[in-house]
Amino acid sequence: MIDHLLHPRITENKDWATALFVLAFAIIAFTKSVYENRFEDFMNLIFSDKYSKVYRDSSNLNSSFTISLFFVQVISFAFFIQLSLSVLGNASKTDWLLYIQIVTFLIFFILAKYLIEKIIATAFNIEEFVEQFNLQKVTYRTYIGLIILPISVILFYYDTISRNILLIIMLIFLIFNVLAYLISIKNYQNLIFGKLFYFILYLCTLEIAPYFFMYYWYTKRGA
């Protein structure tokens, strides 16, 4: 008599991810329908500086257009981070509890950084520069988030992801992010040169140090 051993078939639950992807694209579609002209200018950001010139007022930082796309940005970056951790063998891409943790960390990190920037800007009397510089950063970061979203969708439903492909994608977006910073600095060079010491201090404290410490913590944690 032959004994048959039955092994349970483990299926990964991807429904939560599908729902979030649909939500993200629904927010994009809604924002596009409400702000049709602005959204079109925003999507042409990589080819034209029209959007940066028209919507350069710091009040746009708290507009419904920026806030709605902020949620899309968080959803997009959180998926990409989780996919990266999955490819590096440190997490599962279908772990929804981990995704919630990443989203929570991103929101806390961005808001805490924003509040600290406001405090430092007030202390150094550079509120106008920091608000405008922040708007530029948010604009380009949101643009990157929208580009990453469809890439994350493809990678999420693709069973095997090459580490080299992921590294190439990360390198491309890192270069794009650096270029975005350089463009922002160029656009506000008059303000920057007028307060060069404070800008260097701001750059080292809030634009370099947080990411350095996160990288240091991650490498030490993985060691």
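What you are looking at is a predicted structure, and each value in this text was computed from that prediction instead of being measured.

## A short note on the overall build of the protein
Step number 1: Secondary structure assignment for the protein yields 9 helices and 0 strands.
Step number 2: Helices and strands in the protein line up, N terminus first, as α-α-α-α-α-α-α-α-α.
Step number 3: Partitioning the intrachain contacts of the protein with sequence separation of at least 6 by distance along the chain shows that 80% fall at a separation of at least 24.
Step number 4: Counting every atom, the protein has about 13900 Å² of accessible surface; 68% of that belongs to carbon and sulfur.

## Focus: the pattern of salt bridges
Step number 1: Under the criterion given, the structure shown has 2 salt bridges.
Step number 2: In this structure, D41 engages K50 in a salt bridge whose closest nitrogen and oxygen atoms are separated by 3.7 Å.
Step number 3: Accessibility expressed as a relative area gives 46% for K50, which makes it partly exposed.
Step number 4: E131 is the salt-bridge partner of K118, the closest N and O atoms lying 3.1 Å from each other. Placement of K118 in helix α5 (residues 96–124) and of E131 in helix α6 (residues 127–157) is noted, with a sequence separation of 13 residues between them.
Step number 5: Given a relative accessible area of 31%, K118 falls into the partly exposed group.

## Topic: helix α1 (residues 15–34)
Step number 1: Here α1 contains 20 residues, and its C-alpha end-to-end distance of 29 Å stays within 8% of the 28 Å for a straight helix at 1.5 Å per residue.
Step number 2: Taken together, the buried positions of α1 are occupied by W16, A17, F21, A24, I27, I28 and T31. With its buried residues spanning 140 degrees around the axis, α1 presents them on a single face. Set apart from the buried face of α1 by more than 90 degrees, the exposed residues are D15, V22, F30 and S33.

## Section: a nonpolar patch on the surface
Step number 1: A cluster of nonpolar residues, L171, L174, I175, V178, L179 and L182, forms a patch on the protein surface that exposes about 560 Å² of accessible area.
Step number 2: As for its placement among the helices and strands, L174 is situated in helix α7 (residues 163–187).

## Points about the packing of α6 against α7
Pairs of packed helices are described in terms of their axes, by the angle between the two and the distance that separates them.
Step number 1: Running from N to C, α6 and α7 cross one another at 165 degrees; their axes reach a closest spacing of 9 Å. Taken together, α6 and α7 sit at an angle that is classed as roughly antiparallel. Crossing of α6 over α7 shows right-handed handedness. The segment α6 lies against α7, with F133, Q136, K137, Y140, Y143, I144, I147, I148, I151 and L155 engaging I169, F173, F176, N177, A180, Y181, I183, S184, I185 and N187.
Step number 2: For the contact of α6 with α7, the class distribution of residues is 15 nonpolar, 4 polar and 1 charged.

## Let's talk about the packing of helix α4 (residues 64–87) against α6
Step number 1: α6 packs onto α4 with a crossing angle of 45 degrees between their chain directions and a minimal axis gap of 8 Å. Here α4 lies oblique to α6, going by the angle between them. Remark: the crossing between α4 and α6 carries left-handed chirality. On α6, the residues touching T66, L69, V72, Q73, S76, F77, F79, F80 and L83 of α4 are V138, R141, T142, I144, G145, L146, I148, L149, S152, L155 and F156.
Step number 2: Here the contact of α4 with α6 is composed, by residue class, of 13 nonpolar, 6 polar and 1 charged.

## Details of the nonpolar core
Step number 1: Ranked by internal contacts, the top residues of the largest apolar core, which has 44 residues, are F42, V72, F79, Y99 and L146.
Step number 2: For this core, the element with the highest residue contribution is α4, accounting for 13 residues.
Step number 3: Residue contacts for F42: discarding those within four places in its chain leaves Y51, F65, L69, T139, T142, Y143 and L146.
Step number 4: Membership of the second largest hydrophobic core comes to 9 residues, among which are A121, V130, F133 and I192.

## Details of the environment of S68
Step number 1: Within the secondary structure layout, S68 lies in helix α4.
Step number 2: Put simply, S68 and T31 are 37 residues apart on the chain and 7.2 Å apart in space, counted from C-alpha to C-alpha.
Step number 3: In this structure S68 touches I27 and T31, once residues within four positions along its chain are discounted.

## With respect to the environment of V34
Step number 1: Position of V34 among the secondary structure elements: in helix α1.
Step number 2: Classification of V34 by relative accessible area gives partly exposed; the value is 46%.
Step number 3: Along the sequence, V34 and F65 sit 31 residues apart, while their C-alpha atoms lie 8.8 Å from each other.

What counts, and at which threshold
Residues numbered from 1 in each chain as written. Predicted model: local features only at pLDDT ≥ 70, side-chain atom pairs only at ≥ 80, totals over all residues. Heavy atoms only, no water. Helix = DSSP H or I, 4+ residues; strand = E, 2+ residues; numbered from the N terminus. Contact = heavy atoms within 4.5 Å. Areas by Shrake-Rupley, 256 points an atom, 1.4 Å probe, with all protein chains shown as cover. Salt bridge = Lys/Arg side-chain N within 4 Å of Asp/Glu carboxyl O. Buried < 20%, exposed > 50% of the residue type's maximum accessible area, 1.4 Å probe, protein only. Expected span 1.5 Å × (residues − 1). Arc of directions from axis to C-beta. Patch = residues over 30% accessible without salt bridge, like charges linked within 9 Å, V, L, I, M, F, W, Y side chains within 5 Å. Axes fitted to C-alpha atoms, helices over the stretch in contact; angles between N-to-C directions. Parallel < 35°, antiparallel > 145°, perpendicular 65-115°, else oblique. Left-handed = near helix turned anticlockwise from the far one by under 90°. Nonpolar A, V, L, I, M, F, W, Y, C, P; charged D, E, K, R; others polar. Core = buried A, V, L, I, M, F, W, Y, C linked by side-chain atoms within 4.5 Å.

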